[in-house]
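# Report on the structure
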Amino acid sequence: MAAIENKPPTKSVTSLYRLSLRVVAKYYYQYKKSFTYLPEMVHFDLVYQLYTENKLSELQTELNDINVVTKLLNVQSSRNLLIKCFQLLVDNDMHAAEVLCDTYHSICTRAKEDATWDKRLINLGLRLGGFLNDAGWYYESEQILLDCRELCLLGKQNPQTWCEILDCCHKLIHAQASYCSFTGAAYTHDLALETIDKLNKVGYLYVNHAALYAEFSVLYFIRSEYDLAYKWSLQALKELNPSLPKFIIINVLRQAAKSCVVKREFKKAGLLIKQAIYLAKEIFDANHPKYSDVLIDYGFYLLNSDSIGNSVAIYKLAYEIRKGVYGKNNLNIAMAHEDLAYALYVQEYSSGKFGVARSHADLAIEIMIKILPSEHLMLASAKRVKALILEEIALDVSPNSSESDLLTMSEDLHMCALDLSRTAFGERNVQTAKHYGNLGRLYQSMRRFQEAEEMHLKAIGIKEELLGCDDYEVGLSIGHLASLYNFHMNRFQDAEALYYKSIEISLKLFGNSYSGLEYDYRGLLNVYAKLENHTKYVEYMDILAQWKELRDRHAENEEPPIEQKCPQPLDDVIQTFFSM
């Protein structure tokens, strides 16, 4: 026993298999012709060996070959590692996504000319389009899936072909919505509904539409048409059943949760997004990008339901996961930067410490500029976030040229975002209204008070028309207009009435401990000080003190962001949801 205990630690020995991979990678071009005969898993391990050794030329040779990529996609367990290999080429300007797109288009063009294609070519398009969706290359995914859809429409029309069309529409509308290709997405949406109608008319009922309906909801959500987003998310929930693939169930739950958030149905949203989190933790590992997708939506729920600290923690976790998979120059990374920047902006609103938030906003815009056309709509949101942060930084510096420069930069960003939004959505849209409201706040900071009032009134008018008079967004804009009247235009009675309306909305939606109430209460204190209404001043001093106690209690009782719980049976979740 003593001899065994004194034995030196065993050295780690590299397996013969790993040594073989290294040798083949080293003499890649010598062995290349034989790779066709390698089993899929072995071929994948070799490609990943090239990635780990940063052999870019050899890796490019492999991943520019559409037949190799098709083979590697069969290794489902290593899909995320394939994304990393693919992204390394993109980060080194090797245009891997464009090459796949162009190659598939050429194959489809020749096949149509010769009338030689079959369903294998359609299946290839579906797989490539799906992979590029997962990898965050939505434009190239859209191009491949458009070619694929054309093949489907040119083929013999029967229920089997219609199912292929629906599969293509499902993946295509995801790419188009994610890339804000709204005209194409509208056509895809209508084609999918027409195809469903054809299947129904012939009595073909063997296809589930939950995933497709969830993508309809995503499209309307991105377009800020929240009633339709909510409607389609409910339709998706009704289609769910436990036999569906788990990732589809997760996608439906999280999209329905987001739709509930913007409809301010927070209890329903919490039920669904927490079940999505529990289920995702059960089937994905902690570094899986699909898990990060659920975390992003969970962060959205937490931020909107006034759990700001937890929201920041979740967004940070999601960002770290995405950074480990998508590298540097990827839209999924850019959006994670943007989400984290905005959450940090909200969290640090009182402290004025916006350095980290600004850094993430800068990185989001930097990545988007590299990838997107200069006038792409996705830049509007990122520029809006940076503009909000710059404005707050400007207000915290001494009045000088630096402050003026920051406010001018903020105005340029807000105006760019507004122009992009109006071009994409028109005047009557929630996003357009938000940009008007942001300009109103900025002009207040710039002491351009008449313009500020005009912007706030525009924002309130659009939001009330689209969302109703008691929506959170309306309350937010009313509170900002009250601040303008109160602190800069000496319209104290007008400010008082607006503060009361803003408080009424906040109490109805969030309760007595809502963080945003502080600004309205402090605003009313200023109003009553100016009006010399001592009774009301004392009343709201007491209300503010009670609010502080409630906030402290809220912080103490707040649940951890991710609880260790098992998912409930799906049928129970759906039944509970529709009984709320």
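Since this is a predicted model, take the numbers as computed values, not measurements. (Residues numbered from 1 in each chain as written. Predicted model: local features only at pLDDT ≥ 70, side-chain atom pairs only at ≥ 80, totals over all residues. Heavy atoms only, no water.)

### A few points about the overall build of the protein chain
Per the secondary structure count, the protein chain includes 29 helices and zero strands. In summary, the protein chain has a C-alpha radius of gyration of 27 Å against a globular reference of 25 Å for 580 residues, a match within 12%. Reported as C-alpha extents along the three principal axes, the dimensions of the protein chain are approximately 90 × 80 × 50 Å. By the burial criterion, 53% of the 580 residues in the protein chain qualify as buried. Excluding contacts between residues fewer than 6 apart, the proportion of contacts in the protein chain whose partners are at least 24 apart in sequence is 68%. Accessible area of the protein chain: about 26700 Å², with a carbon and sulfur share of 52%. Between the averaged position of the 62 positive side-chain charges in the protein chain and that of its 74 negative side-chain charges there is a distance of 5 Å. (Helix = DSSP H or I, 4+ residues; strand = E, 2+ residues; numbered from the N terminus. Rg over C-alpha atoms; globule rule 2.2 N^0.38 Å. Buried < 20%, exposed > 50% of the residue type's maximum accessible area, 1.4 Å probe, protein only. Contact = heavy atoms within 4.5 Å. Areas by Shrake-Rupley, 256 points an atom, 1.4 Å probe, with all protein chains shown as cover. Lys, Arg positive; Asp, Glu negative; His and termini not counted. Charge placed at Lys NZ, Arg CZ, Asp CG, Glu CD.)

### Looking at the pattern of salt bridges
For side chains bearing opposite charge, pairing can occur when the charged atoms are close. Evaluation of the coordinates by the stated rule reveals 33 salt bridges. A salt bridge links Arg120 to Asp118, with the shortest nitrogen-to-oxygen separation between them at 2.8 Å. On the basis of relative accessible area, Arg120 is assigned to the exposed category, the value being 65%. The residue Arg428 makes a salt bridge to Glu465 at a minimum N-O spacing of 2.5 Å. With Arg428 in the loop between helix H22 (401-425) and helix H23 (430-445) and Glu465 in helix H24 (residues 449-467), the pair connects residues that are 37 residues apart, well separated along the chain. Classification of Glu465 by relative accessible area gives partly exposed; the value is 49%. (Salt bridge = Lys/Arg side-chain N within 4 Å of Asp/Glu carboxyl O.)

### Examining the side chain of Lys71
Note that Lys71 resides in helix H6 (residues 66-73). The charged side chain of Lys71 is buried without a salt bridge, its nearest counter-charge being Glu40 at 7.2 Å. Ignoring sequence-local partners within four residues, the contact set of Lys71 consists of Phe35, Thr36, Leu38, Pro39, Glu40 and His43.

### Observations concerning the UniProt feature "repeat: TPR" (unreviewed entry) in the protein chain
The feature "repeat: TPR" (unreviewed entry), as annotated in UniProt, sits at residues 433-466 in this numbering. The span residues 433-466 carries 91% helix and 0% strand; its end-to-end C-alpha distance comes to 10 Å. (UniProt positions renumbered as here; feature names shortened; annotations may be inferred.)

### Considerations on the layout of surface pockets
Estimated volume of the second largest pocket: approximately 400 Å³. Those elements giving two or more residues to the lining of the second largest pocket turn out to be helix H16 (266-283), helix H17 (289-304) and helix H26 (492-510). For the lining of the second largest pocket, the element with the highest residue contribution is H17, accounting for three residues. Of the residues contributing to the lining of the second largest pocket, the split by class is nine nonpolar, five polar and four charged. (1 Å grid on protein atoms, 1.4 Å probe; cavity = no way out; pocket = protein on both sides within 12 Å on 5 of 7 lines; lining within 4 Å. Points joined across faces, edges and corners; volume = space filled by probe spheres on them. Nonpolar A, V, L, I, M, F, W, Y, C, P; charged D, E, K, R; others polar.)

### Quick word on the packing of H17 against helix H18 (residues 308-326)
Each pair of packed helices can be summarised by the angle the axes make with each other and by the distance between the axes. Two elements in contact, H17 and H18, have axes whose closest approach is 8 Å; the angle formed by their N-to-C orientations is 160°. The angle between H17 and H18 places the two elements in the roughly antiparallel class. Our pair here, H17 against H18, has a crossing hand that is left-handed. Between H17, through Pro289, Tyr291, Ser292, Asp293, Leu295, Ile296, Tyr298, Gly299, Phe300, Leu302 and Leu303, and H18, the contact on the second element is made entirely by Ile308, Asn310, Ser311, Ile314, Tyr315, Leu317, Ala318, Ile321, Arg322, Val325 and Tyr326. When its residues are assigned to classes, the contact of H17 with H18 shows 16 nonpolar, four polar and two charged. (Axes fitted to C-alpha atoms, helices over the stretch in contact; angles between N-to-C directions. Parallel < 35°, antiparallel > 145°, perpendicular 65-115°, else oblique. Left-handed = near helix turned anticlockwise from the far one by under 90°.)

### Thoughts on unusual backbone geometry
Phi at Asn54 is positive, roughly 60°, even though this residue is not glycine. Overall, Asn54 belongs to the partly exposed group, its relative accessible area being 46%. Phi angles above zero are rare outside glycine, and Ser224 is one such case at about 60°. When you line up the elements, Ser224 lands in the loop between helix H13 (210-222) and helix H14 (226-239).

### Considering the state of the cysteines
Summed over the entire model, instances satisfying the criterion amount to zero disulfides. Its sulfur unpaired, Cys180 is 14 Å from the next cysteine sulfur, which belongs to Cys416. (Disulfide = S-S within 2.5 Å.)

### Considerations on the nonpolar core
Membership of the largest hydrophobic core comes to 198 residues, with the highest contact counts inside it found for Leu63, Phe86, Tyr104, Leu128, Leu237, Leu240 and Ile389. No other element matches the eleven residues that helix H21 (residues 378-395) contributes to this core. If we skip the residues at most four places from it in the chain, Phe86 touches Leu63, Ala96, Ala97, Leu100, Phe131, Leu132 and Trp137. (Core = buried A, V, L, I, M, F, W, Y, C linked by side-chain atoms within 4.5 Å.)

### With respect to a nonpolar patch on the surface
Nonpolar side chains collect at one region of the surface, where Val23, Tyr27 and Tyr31 lie side by side and expose about 260 Å² of accessible area between them. With respect to the helices, strands and loops of the structure, Tyr31 is situated in helix H3 (residues 28-31). Exposure remark for Tyr31: the relative accessible area of 33% places this residue in the partly exposed category. (Patch = residues over 30% accessible without salt bridge, like charges linked within 9 Å, V, L, I, M, F, W, Y side chains within 5 Å.)

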